[in-house]
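Reading the structure
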Amino acid sequence: MRVVALLGLGMDPRAVRNLSALAPIEVHHHIEHQKDESLHDYAIRWGRHLQLKSTDIVLGMSFAGPMALEMAHHFQLKGCILVSTFTGSKELPISHRRALRLGLHRWIPYRFGWWVGKRWARRNQILGQDNAEAIRAIERRTDPQFYRWVIDALGKWHGTVPYHPCLRIHGDHDRILPLKQGAPNVEIVKGNHFLLTTAEGRSAISQKVDTFIRRLAS
């Protein structure tokens, strides 16, 4: 049984490799996108690149969650794990949906867009001392062209039917992708969107991941 982790934008792979005490976790950054490629088609092409099999578990974080869902359905994987992500456009905050409809990500310069985004994040108490470095790393490591494509593709993605078996983990103070209180089939842990940046978040995720793997292996 492989556990294949798909990293979110600018994520540090070191935070993911030791999430399970039961199985080694393969960590993968995104592959190059193709012009006008849909999220569904990109996910299938990425899954073929990873040589996914029905015995595998895919773990998707942040932007890669929708990719993981599409892969799980297409390749009929053994399981799917979603961390700090969303399963359809209806789960995005109204402000996010409005910005996507306006297409701001297409014409605002990349660095200026990040500057505006960070000001918005500070005003909404999303950006603070505990996650400032994580956000700087995302900005530093992310390719602007891929960033524009993936935001556009996510905005056009309407979601897919729930996958089973699936483990979904979300922070109780995630203000980037806040979930409605009492969202079904979601494991809530203490933390914000950047759960993997704290030892407490990594420990909580690890426990839930191993419980999920044991269930699938039994």
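Before going into details, it helps to say that this report is about the structure given with it. (Residues numbered from 1 in each chain as written. Predicted model: local features only at pLDDT ≥ 70, side-chain atom pairs only at ≥ 80, totals over all residues. Heavy atoms only, no water.)

Details of the packing of aromatic side chains
- Using the criterion set out here, one finds six aromatic pairs in the structure.
- With 5.8 Å between their ring centres and 75 degrees between their planes, Phe-63 and Phe-146 make a pair best called edge-to-face. Placement of the pair is Phe-63 in the loop between strand E3 (57-61) and helix H2 (64-75) and Phe-146 in helix H7 (residues 144-156), with a sequence separation of 83 residues. Across this residue pair, the class does not change: Phe-63 and Phe-146 are buried.
- Between Phe-146 and Trp-149, the ring centres sit 5.6 Å apart and the planes meet at 40 degrees, which makes this aromatic pair tilted. With Phe-146 and Trp-149 both in helix H7 and three residues apart, this pair spans about one turn of that helix. Like Phe-146, the residue Trp-149 is buried in the burial classification.
- Put simply, the rings of Tyr-42, Trp-46, Phe-63, Phe-146 and Trp-149 pair up and form one aromatic cluster. (Phe/Tyr/Trp six-rings, centres within 6.5 Å; stacked < 30°, edge-to-face > 60°. Helix = DSSP H or I, 4+ residues; strand = E, 2+ residues; numbered from the N terminus. Buried < 20%, exposed > 50% of the residue type's maximum accessible area, 1.4 Å probe, protein only.)

Side note on the packing of helix H1 (residues 39-49) against H2
- Their axes nearest at 9 Å, the elements H1 and H2 cross at an angle of 70 degrees. Our classification of the angle between H1 and H2 gives roughly perpendicular. Judged by the twist between their axes, the crossing of H1 over H2 is right-handed. Residues Leu-39, His-40, Tyr-42, Ala-43, Ile-44, Trp-46, Gly-47 and Arg-48 of H1 pack against Pro-66, Met-67, Glu-70, Met-71, His-74 and Phe-75 of H2. (Axes fitted to C-alpha atoms, helices over the stretch in contact; angles between N-to-C directions. Parallel < 35°, antiparallel > 145°, perpendicular 65-115°, else oblique. Left-handed = near helix turned anticlockwise from the far one by under 90°. Contact = heavy atoms within 4.5 Å.)

A look at the pairing of E3
- Counting buried positions along E3 gives five out of five residues, so the element sits mostly inside the fold.
- In the sheet, strand E1 (residues 3-6) pairs with E3 via four bridges, with the strands oriented parallel. Its bridge partner being in E3, Leu-6 is matched across the sheet by Gly-60.
- With five bridges joining them, E3 and strand E4 (residues 79-83) adopt parallel strand pairing. (Pairing = 2+ DSSP bridges.)

Considering the side chain of His-193
- Counting through the fold element by element, His-193 comes out in the loop between strand E6 (187-189) and helix H8 (199-217).
- Taking relative accessible area as the criterion, His-193 reaches 10% and is therefore assigned buried.
- Of note is the side chain of His-193, whose polar atom sits 3.2 Å from the side chain of Ser-62.
- Side chain to side chain, His-193 and Asp-174 meet in a polar contact 2.9 Å long.
- When residues no more than four places from it in sequence are discounted, the contact partners of His-193 are Ser-62, Ser-84, Asp-174, Ile-176 and Leu-177. (Polar contact = N/O pair within 3.5 Å; in protein donor to acceptor, adjacent residues only side chain to side chain.)

Digging into the pattern of salt bridges
- If you walk through the whole model with that rule in mind, you get seven salt bridges.
- The shortest N-O distance in the salt bridge between Asp-152 and Lys-156 comes to 3.0 Å. Of the two residues, Asp-152 and Lys-156 are both situated in helix H7; the distance of four residues between them amounts to about one turn of the helix.
- The residue Lys-208 makes a salt bridge to Glu-187 at a minimum N-O spacing of 3.0 Å. In this pair, Lys-208 sits in helix H8 while Glu-187 sits in strand E6, placing the two residues 21 residues apart along the sequence.
- Beyond isolated ion pairs, a larger network of salt bridges with shared partners links Arg-2, Glu-26 and Asp-56. (Salt bridge = Lys/Arg side-chain N within 4 Å of Asp/Glu carboxyl O.)

Remarks on the sheet that holds E6
- With parallel pairing, six strands are arranged side by side in an open sheet as E2-E1-E3-E4-E5-E6. The outermost strands of the open sheet, each flanked by one partner alone, are strand E2 (25-28) and E6. Put simply, the sheet's adjacent strands are angled 20 degrees from each other on average, direction ignored.
- Strand direction decides the pairing type here: E1 and E2, joined by four bridges, are parallel. Within the sheet, the bridge partner assigned to Val-3 lies in E2 and is Ile-25.

Here's the deal with the environment of Phe-86
- Relative to the helices and strands, Phe-86 resides in the loop between E4 and helix H3 (94-102).
- In contact with Phe-86, not counting residues within four places along its chain, are Pro-66, Glu-91, Leu-92, Leu-154, Trp-157, Arg-168 and Leu-177.

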